[in-house]
Each structure stands twice: as structure tokens, then as C-alpha cells.
Amino acid sequence: MNILFISNLYPAYPDHSVREISYALHNFVKIWKKSHNIIVFRPYFIPSRVTYKIEECFELDGVKIFNIPIFRIPKTQVYFSNEAYKKIKKIGFVPQKVIAHMSSSFLWSWKLSMKYKADFIVGIHNSDLIRINFSKYDKIFQNSYKIACRSDGVKKHFMDIFSKYKNKVFVANSGIDVSEIENTDFFIEKIDSWKNKKQINFLTVAVLQKLKNIDINLRVFSELKKYNWEYTIIGDGEEKENLMVLSDKLGIKEKVKFVGMKTRKEVMNYMKNSDVFLMVSAPETFGLAYLEAMAKANIIIGAKNWGIDGVILNNQNGFLCNPRDEEDIKSVIIKLFNSDVSFKKDILIKMEDTIRLFTDEKVAESYIKNII
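Residues numbered from 1 in each chain as written. Predicted model: local features only at pLDDT ≥ 70, side-chain atom pairs only at ≥ 80, totals over all residues. Heavy atoms only, no water.

**Re the overall build of the protein**
Filter applied, for reference: Helix numbers and strand numbers start at the N terminus; a helix is a DSSP run of H or I with at least 4 residues, a strand a run of E with at least 2. Note on method: radius of gyration uses C-alpha positions; expected globular size equals 2.2 Å times residues raised to 0.38. Residue burial is assigned from relative accessible area. The probe radius is 1.4 Å, only protein chains are included, and a residue is buried under 20% of its type maximum, exposed over 50%, and partly exposed in between. Contacts: residue pairs with any heavy atoms within 4.5 Å of one another. Per-residue and other accessible areas were derived by the Shrake-Rupley procedure at a 1.4 Å probe size, with only the shown protein chains allowed to occlude residues. Here the positive residues are Lys and Arg and the negative ones are Asp and Glu; neither His nor the chain ends is included. Each charge is placed at NZ for Lys, CZ for Arg, CG for Asp and CD for Glu.
Within the protein one finds 14 helices and 15 strands. Taken over the C-alpha trace, the protein has a radius of gyration of 22 Å; the compact-globule value for 372 residues is 21 Å, and the two agree within 12%. Taken along its principal axes, the extent of the C-alpha atoms in the protein is 65 × 40 × 40 Å. With 372 residues in all, the protein has 55% of them scored as buried. For the protein, long-range pairs separated by at least 24 residues make up 70% of all intrachain contacts whose partners lie at least 6 apart in sequence. Put simply, the protein shows about 17000 Å² of open surface, and 48% of that area lies on carbon and sulfur atoms. With 57 positive and 43 negative side-chain charges, the protein shows a separation of 6 Å between the mean positions of the two kinds.

Below, the structure is given as C-alpha cells:
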């Protein structure tokens, strides 16, 4: 099957920083490449402030990625995609499926798919729910072959608006490399560590911005001073200074560790030594950090109706709280302090079963089955 994959979330050059783009979509594509003919168009929009040197084409994990200029009338949804037409004609690629992730590519990608009579698949992210002009994009959804929502939460919010397309919609969750999932013995050791735990180590890994709701976490911990806990925050961003000031103001500065940006290897080591991954952020598409934390046997506390909801089932393989609801989050944390080991053991056993369903191979296979 010939697949043309289009998204400006894709890397624009080798070693493109994860702080600027996501490799989650590439993880789908590099696995599909084993069984299908696939090329990637990575659009960059003109005029724009591109701060890197743009190569016409480069290869990543055997996948050919073409940087395609797309001209746009500023402050409009009017795009001129002549370069995309020229490129696909020049390389002689005839797509059978055109997959476009991010709403900035929907209109012109759809027209490209019609030219080749290819099935058009739309990939919906949380940011699309905010940006989409619904009356304008309704025609695209009507004529699309399938609609891939990047999490159960995104699907729920999309269906609130476009329920008439329920037969086209499926969830395309991200996955994790199977090698990053610890073995069962590690999970057993983590379970045993809860038996005589004197301190619970909480961890958040995120870009420090308002939607991550870390200020709420700090306020909750300030009301739990009688419990023995430590809270480590990995990441940097616009809210870092505000959060540091807040932790000082709340009187918990000594128990909250802001450790800044870390390499992926360092993050994994932090996760191996933490007990609970806390990120009740909203709105959010998914967040690979949840899966990475699960792979290291962290109990997850996430947000209801966003991100990891649907993978985590509340009180079964983790916990879900209402975003910015201090009492809700506090009640879960207190439950972790007061519940017996058998309760945590049940959570972690079910969580291990869950994370093994979310390997890169399995989620990529699920996605492709939905569009065949």
C-alpha cells in the first residue's frame, strides 16, 4: 500500500529537538515502512519564522521526509500547495492513502488526495479542536475515509461536536518502545517496596506551562505536610519561576525539587526511582511521559477526559482526577498513603498488563488496521 503521510509535527531535520516537535507520529511511520511504501511530506508555511536550515529531503530510520513549502495568506486558512503537487509528481509516487495530522494541512492535503483518488485520513489532536473552523472543515470530515483521534479524550471532545461521524472515528494512541518496559521482576520489586515505604516519591515530567496545572499540585501538597512525601519536577518553561516562588510561599520549598531539563536517559532513571507519576494536565492530547512512567512501574494520576484517560481507568490501573480540582487530587494522594499494600499491588499488576498493550508495534498495527 502506498501511503503519503503529512504533518508539520514531523521532524524537519535529523536530531530535531523533542522540545519543538513530536516523534510519536514517526514511530507509527517507521513501523509501517516495514510492510508498506510510505513517504512523508513535512510542510513549512510561508511566510514564517523558520529558524533552521531547510533541506529538501532527508532520511530518518529508512523513511524519506520531504520538507515542502506551503504558501499561506497570513491570518487566513487559504493555502497554495503547488509545491506539494510538483514534488509528488516528480518522485512518481501515487498514494492510495493520504494521512494528514494537524488542521493546518487538512484542506490542501484533502485536495491532493482527491487528485489521486486516494483515501483521505484525518488525524485530530487536541490543538485541532481549538483551531478548527467547524463549518469549513465539516466538508472534509464528510469526505474523509477515516478520522484518527490521538486519544480517547480527543475522541470524546471531537464527538461532542461531530457525532454524525462516529462510524469513521477511531483512537490512534501513541506507544512506547518495548525495550523501555521493565520486566515483571522489576514490577514485583516496586510492589514489594510499598510494604515498608516511609516516603512516597512523586514525579512530574513536563514543559512547565499553565495547562500542566502544576500549581494545583503544589497547593495540594501544601495541605499534606503531615505526610512524608517528596515531589520532583523535571522540565523547564515559562511557569518555572512562578512555581518556584509558589512552593516557597506555601512553605514546601524543601520538599519540592525543581531539577530542570534532563536527558531522556536521566528522565528514565528518575522514573525508575519514583513511586507516583502526577500530571493532571488539561487540555492535552496524550503525553508519552505517562507511558514511560508506567513502563517504570509508577502509579499514574492523570486527568479525567484528557490525555491518558481511556488508557488509565480510574481506581483500576491508576487514577483520574478532575483538572484543577484540589480536593479530588488530594483525596487520591491520601488514599495512596492510607491504603494497604494489596490495593497498590492490584493497581500495579493491572498497570503492567496495560502498558504491554501499548508498544510501538501494537499501536502502529492497530492504526493501520483501522485505515485498510
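**Re the nonpolar core**
Note the threshold: Residue types Ala, Val, Leu, Ile, Met, Phe, Trp, Tyr and Cys, when buried and joined through side-chain atoms within 4.5 Å, form a set referred to as a nonpolar core.
Of all hydrophobic cores here, the largest spans 92 residues; its most connected members are Trp32, Leu218, Tyr231, Phe277, Ile301 and Tyr367. Ranked by residues supplied to this core, first place goes to helix α11 (residues 288-295) with six residues. Contact partners of tyrosine 231, with chain neighbours within four places excluded, come to Phe202, Leu203, Thr204, Ile214, Asn217, Leu218, Phe221, Lys255, Val256, Lys257 and Leu278. One finds Leu4, Phe66, Tyr79 and Phe162 within the second-largest nonpolar core, a separate group that totals 35 residues.

**Considerations on helix α1 (residues 24-32)**
Counting buried positions along α1 yields eight of nine residues, so the element is predominantly enclosed. Those residues of α1 lying buried are Ala24, Leu25, His26, Asn27, Phe28, Val29, Ile31 and Trp32.

**What to know about the packing of helix α7 (residues 184-193) against helix α13 (residues 341-355)**
Spelled out, the test is: Angles shown run from 0 to 180 degrees and are taken between the N-to-C directions of axes, each axis being a line fitted to C-alpha atoms and, for helices, limited to the stretch in contact. Here roughly perpendicular refers to angles of 65 to 115 degrees, roughly parallel to angles under 35, roughly antiparallel to angles over 145, and oblique to all remaining angles. The sense of a crossing depends on the near helix, which, turned anticlockwise from the far helix by less than a right angle, makes the crossing left-handed and, turned clockwise, makes it right-handed. Gly is placed with the polar residues, together with every amino acid not listed as nonpolar (Ala, Val, Leu, Ile, Met, Phe, Trp, Tyr, Cys and Pro) or charged (Asp, Glu, Lys and Arg).
At a minimum axis distance of 10 Å, the contact between α7 and α13 shows a crossing angle of 160 degrees. Taken together, α7 and α13 sit at an angle that is classed as roughly antiparallel. Note on packing geometry: the crossing formed by α7 with α13 is right-handed. In this structure, α7 uses Thr184, Phe187 and Ile191 to contact α13, whose residues at the interface are Val341, Lys345, Leu348, Ile349, Met351, Glu352 and Ile355. In the contact of α7 with α13, the residues fall into seven nonpolar, one polar and two charged.

**Topic: the environment of leucine 288**
Assignment of secondary structure puts leucine 288 in helix α11. C-alpha separation for the pair leucine 288 and asparagine 173, spaced 115 residues apart in sequence, amounts to 9.7 Å. When near neighbours in sequence (up to four residues on either side) are disregarded, leucine 288 contacts Ala24, Ser174 and Gly175.

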